[in-house]
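# Reading the structure
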Amino acid sequence: YPMAAMMQGSAPYIADHAGKVAVFHIPGQHIEDPTTSYSLLQDVALCWLLGMKIVITLSGRCDDTDKMCNFRSVEEEMGYLRTELERKLNRCLGSHARTRACSGNGECSIDPLDGNVVSGNSFGIARRHSPDSYSGQATEIHHDNLNRILARNDVVLLSNIMLSGSGEHWVQVDGRQLAAKVAASLQASKVIFISRTASILQIDGQHIQDLPLSMAKSILDTTDEQDSELYQHLRRSLWALPHGVHHAHIVNPTDGACLEELFTA
């Protein structure tokens, strides 16, 4: 009975993760891609159904080094991506989230579990790198507000556009930095970076599945590819772990990859 063996092997991980906070960083291109978006979000929805408290940080492709991107294009891109993620994830939550209520006479009805996607850009404060730049970094996260939403069994969705301290300007932050900052603020069990090109690490031809902090630090100290996606993920992970996050994961967006990473050995 392979199904029974699978559930027996996954049960300890399901029990351990129930009630724990997981912060996902999802680049916008994975939401636009119809071949990966639903399978990825189905996995995220199933993590929620298994009792995890989910926060998603979403980032686009425009930054202030791209001359084709202006304020309007950044706003339009992030508005579209946020709407698409909300639409698709709500659909996934609805397909997973069903509970059976039975009366004393044996009659049962199927009702949806409560769970919505709650989004906004007022859950934190960001600071610009310079007055003539609209990019910056998240400096403060309103974790009490986020915890209240998570306590209602809702999923939190944060875009990488945040308000400045005065509220007059918006600031575009690095989505990976935002994910690490949110995870640390919530003392999350996991921060999970979704990446197609930087989820596999090989050293001397050997595939590395689990990476201790000392090895990660050594890679960052010796690599010359500081702009690479893997380098950026490792850098954000090395910041998050000493600030209260228990584990950092870099996962491919393929069907089932998140579930295998979180719920198997």
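Heads up: the structure comes first, above all this text.
Throughout what follows, the structure given in this document is the object of discussion. (Residues numbered from 1 in each chain as written. Predicted model: local features only at pLDDT ≥ 70, side-chain atom pairs only at ≥ 80, totals over all residues. Heavy atoms only, no water.)

### Comments concerning the overall build of the protein
- Looking only at helices and strands, the protein has 9 helices and 14 strands in total.
- Residues counted as buried form 44% of the 265 residues belonging to the protein.
- Of all intrachain contacts in the protein linking residues separated by at least 6 positions in sequence, the fraction that spans at least 24 positions is 72%.
- In the form shown here, the protein has an accessible surface area of approximately 13800 Å², with 50% of it arising from carbon and sulfur atoms. (Helix = DSSP H or I, 4+ residues; strand = E, 2+ residues; numbered from the N terminus. Buried < 20%, exposed > 50% of the residue type's maximum accessible area, 1.4 Å probe, protein only. Contact = heavy atoms within 4.5 Å. Areas by Shrake-Rupley, 256 points an atom, 1.4 Å probe, with all protein chains shown as cover.)

### Points about the sheet that holds strand S5 (residues 117-120)
- Strand order in the open sheet formed by 6 strands is S5-S8-S2-S1-S11-S14, with parallel pairing between adjacent strands. Each having just a single partner strand, S5 and strand S14 (247-251) make up the two edges of the open sheet. Across the sheet, the axes of successive neighbouring strands diverge by a mean angle of 20°, strand direction being ignored.
- Here strand S11 (residues 190-194) pairs with S14 via 5 bridges, running parallel. (Pairing = 2+ DSSP bridges. Axes fitted to C-alpha atoms, helices over the stretch in contact; angles between N-to-C directions.)

### Focus: the pattern of salt bridges
- Summed over the entire model, instances satisfying the criterion amount to 7 salt bridges.
- A salt bridge links Glu-84 to Lys-88; its shortest N-O distance comes to 3.8 Å. Placement of the pair is Glu-84 and Lys-88 together in helix H4 (residues 71-96), with a separation of 4 residues, close to one helical turn.
- By relative accessible area, which is 15% here, Glu-84 ends up buried.
- By relative accessible area, Lys-88 is classed as buried at 5%.
- Counted as one network, the salt bridges with shared partners bring together Glu-84, Arg-87 and Lys-88. (Salt bridge = Lys/Arg side-chain N within 4 Å of Asp/Glu carboxyl O.)

### Re the sheet that holds strand S10 (residues 170-173)
- A barrel is described by the order of its strands in space; here 4 strands give the closed sequence S6-S7-S10-S9, paired in mixed fashion. Across this sheet, the average inter-strand angle for adjacent strands is 60°, counted without regard to direction.
- Bridging between strand S6 (residues 124-128) and strand S9 (residues 161-164) involves 2 bridges; their strand directions are parallel. The residue of S9 that forms the bridge with Ala-126 is Ser-164.
- The strands that helix H6 (residues 175-185) touches are strand S7 (135-141), S9 and S10; relative to S7, the one it contacts most, it runs at about 10°.

### Quick word on empty space enclosed by the protein
- One pass over the structure, following the stated rule, counts 1 cavity of 30 Å³ or more.
- The computed volume of the largest cavity comes to approximately 50 Å³.
- Every residue along the wall of the largest cavity is listed here: Gly-120, Asn-121, Ser-122, Phe-123, Gly-124, Ile-141, Leu-158, Ser-159, Ile-161, Met-162 and Leu-178.
- The set of elements that each furnish at least two residues to the lining of the largest cavity consists of strand S8 (155-159) and S9.
- Of the residues in the lining of the largest cavity, the class split is 6 nonpolar, 5 polar and no charged. (1 Å grid on protein atoms, 1.4 Å probe; cavity = no way out; pocket = protein on both sides within 12 Å on 5 of 7 lines; lining within 4 Å. Points joined across faces, edges and corners; volume = space filled by probe spheres on them. Nonpolar A, V, L, I, M, F, W, Y, C, P; charged D, E, K, R; others polar.)

### Some remarks on the packing of aromatic side chains
- Summed over the entire model, instances satisfying the criterion amount to 1 aromatic pair.
- One Lys or Arg, Lys-88, reaches over the ring of Tyr-38 and ends 5.5 Å from the middle of that ring.
- Between Arg-91 and the ring centre of Tyr-38, over which it is positioned, the NZ or CZ distance is 4.8 Å. (Phe/Tyr/Trp six-rings, centres within 6.5 Å; stacked < 30°, edge-to-face > 60°. Lys NZ or Arg CZ within 6 Å of the ring centre and 35° of its normal.)

### Regarding unusual backbone geometry
- Even without glycine at this site, Asn-153 takes up a positive phi of about 70°.
- At Gln-187, a residue that is not glycine, the phi angle is positive and equals roughly 50°.
- With respect to the element layout, Gln-187 can be found in the loop between H6 and S11.

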